[in-house]
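# Structure assessment
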Amino acid sequence: MDGREHVRRYQAATPSYDSPSVYVLDRAVYRINPDMSTVRVVHQIVHVLTQEAVGPMSEFVVPRGGEVLTLRTIKADGTVLEPLDFDAEGTTNLTGVEVGDFVEWEYVTWGGPSTVYPGGLVAPRFYFSTPDTAMHLSELIVLAPEGVEPSFVARGPGPPRGQPVRLGGLAGMRFVAERVPSQVREPDMPSPNEVFPSIGAMIGESPEAAVASWHDALLMSMRPDFRMREVVRSLREAGQTEVELARRLYGYVLEHVQHGRGSPSASHTLAAGRGNALILYAALLRIAGLEPEIVYAWSVAADRSGAYMVPSELANALILVTLDDEVHWLRLGNRHTPFGHLPASIRGQPALVSGAEPRRLTVPESSPVPDLVEVRVGGSVEADGSVVVELAERYLGARAAELRRDVSRIPEAERGQRGAAMLGSQYPGGMAEAVRFSCVDDRDAPMEVHGRLTSRMLGRREGGELMLSARLANLVRYSRLARLSERRTTLVFDAELREVVEQRLTLPAGARVEQPCVCLLYT
């Protein structure tokens, strides 16, 4: 159906939506070929309702490797405007988009057979609602040749049910949702898979089969060379325990290799200084005779509604190794991550150990290195509520790595000044001085911050009483949540938040504590 006919039907229905824009049509058609490659046609028409939507909806970026079939502006009176210039590899600006107009784009992309599931397929997940934009008509059609039967995995609240369909001699399934209001975008919300209704189309084997198919390539990627052997030889010492050697190898990899894109080969990663740092670390442990195993763990937010593991969820790779008769789970984060630290997102989650016959394990429920902040505050309170205190903060685990990363980027001569601004921002009206950091360069040691703070706003008068606020940095960190009139989605913390605060304040002469609780109230 021509886009203008969709617009006419939409206008005839006189719908009303409380959102900056509306998808008059959001349709995707996936055609699966016998070799498990796909052809994907996407057709979208958006009604621009507010000025804030004009800018975003006036720009179109061609998907990588895609071919544009339609790209135009449909004015409210039906006039059609084509783009003045078209950029096949960048951003194209649609012509004359104003409030009340419609923008339309249609394009086709192609996908090869899955590299995760041998002989299988994982099609892009299709969402039937989205933040900030309502859906008037949202439709997914998946077509497959005879004998190929995709599995459809539904996620989120109220996904539509499939209806059998036949097009162009191919059988398939059609999913439709109509008049879906825009969804709320909230801070620290869960994965879109949990919040927005969606359908995923998949064909393939189990996660065990996928992981088993990589095993030979994994062993090849860890083949040693003379440079890798020299690294192990240079870090090995007489009388050294296995844990001590593993720690030194861990530190070497983090200091010399930028983990990320690049060759999966351990040899190439070491030579280039970038690539798969975890594979390199495992290879060095093998050279040292420590027999590491590669483990792939699901995360808390992983899609486990079917017997599948999608590619984006295979990034949670760890090393399982026995050192000095004790099992260790090791993960390479940034170069400030302590040895042995496990992120909160994978603790207690299921995992697969790589091998010709992968076995299932569960990641430990806790991390040997806890995520913790300990704060000690000591000082005096004046009658007007102002305070002068000495602060000592001690950071461990992920919180230490986060702070250590930020501080290490500051020139050493500027750390005191920048640290004072950082510390002062954690307290109402706070001004810090004499701030110093310790253990900035030791990733395995707790990081400490010391300083003196003056605040004239820690207490406030309420009648004849003075209320003192406790030191709660997490409330500062998550103060943006207080701007929400209501919460519709689950609040997800990106890490374990444990903060122990010891606050000792000397009150003004003659003052007494009336009600000790989250705050101190005295007259």
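Look up a bit, the structure's there.
Presented here is an overview of the structure given in this document. Quantities reported herein were computed from a predicted structural model and do not represent experimental measurements.

## Focus on a negative patch on the surface
Judged by side-chain charge, Glu242, Glu244, Asp324, Asp325 and Glu326 come together as a negatively charged surface patch. With respect to the element layout, Glu244 can be found in helix 6 (residues 242-256). Glu244 sits in the partly exposed class, given a relative accessible area of 40%.

## Points about the pairing of strand 25 (residues 447-455)
Both strand 23 (residues 387-396) and strand 25 contribute to a ladder of nine bridges, which runs antiparallel. Residue pairing across strands places Ala392 opposite His450, the latter belonging to strand 25. Bridge analysis of strand 24 (residues 430-438) against strand 25 gives seven bridges, and the strand direction is antiparallel. Looking across to strand 25, one finds that Met431 is bridged to Thr454.

## Description of the nonpolar core
Ranked by internal contacts, the top residues of the largest apolar core, which has 42 residues, are Leu249, Tyr281 and Ile319. Ranked by residues supplied to this core, first place goes to helix 8 (residues 277-287) with nine residues. The residues touching Leu249, leaving out its near neighbours within four places in the chain, are Val231, Val232, Leu235, Tyr281, Leu284, Leu285 and Ala288. In terms of nonpolar packing, the next biggest core, distinct from the first, is built from 34 residues, Ala28, Val97, Leu121 and Met135 among them.

## Focus on the environment of Gly90
With respect to the helices and strands, Gly90 occurs in the loop between strand 5 (80-81) and strand 6 (91-93). Separated by 28 residues in sequence, Gly90 and Val62 place their C-alpha atoms 6.7 Å apart. Aside from chain neighbours lying at most four places away, what touches Gly90 is Phe60, Val61 and Val62.

## Describing the pairing of strand 22 (residues 372-381)
Relative to strand 23, strand 22 runs antiparallel, the two being bridged by ten bridges. Considered in strand 23, the bridge of Glu374 is made with Arg394. Hairpin connection from strand 22 to strand 23: five residues lie between these consecutive antiparallel strands, with Gly385 at a positive phi of about 95°. Two strands pair when backbone bridges link them, and strand 22 and strand 28 (residues 499-506) are joined in this way by eight bridges, in the parallel orientation.

Quick notes on the rules
- Residues numbered from 1 in each chain as written.
- Predicted model: local features only at pLDDT ≥ 70, side-chain atom pairs only at ≥ 80, totals over all residues.
- Heavy atoms only, no water.
- Patch = residues over 30% accessible without salt bridge, like charges linked within 9 Å, V, L, I, M, F, W, Y side chains within 5 Å.
- Areas by Shrake-Rupley, 256 points an atom, 1.4 Å probe, with all protein chains shown as cover.
- Salt bridge = Lys/Arg side-chain N within 4 Å of Asp/Glu carboxyl O.
- Lys, Arg positive; Asp, Glu negative; His and termini not counted.
- Charge placed at Lys NZ, Arg CZ, Asp CG, Glu CD.
- Helix = DSSP H or I, 4+ residues; strand = E, 2+ residues; numbered from the N terminus.
- Buried < 20%, exposed > 50% of the residue type's maximum accessible area, 1.4 Å probe, protein only.
- Pairing = 2+ DSSP bridges.
- Core = buried A, V, L, I, M, F, W, Y, C linked by side-chain atoms within 4.5 Å.
- Contact = heavy atoms within 4.5 Å.

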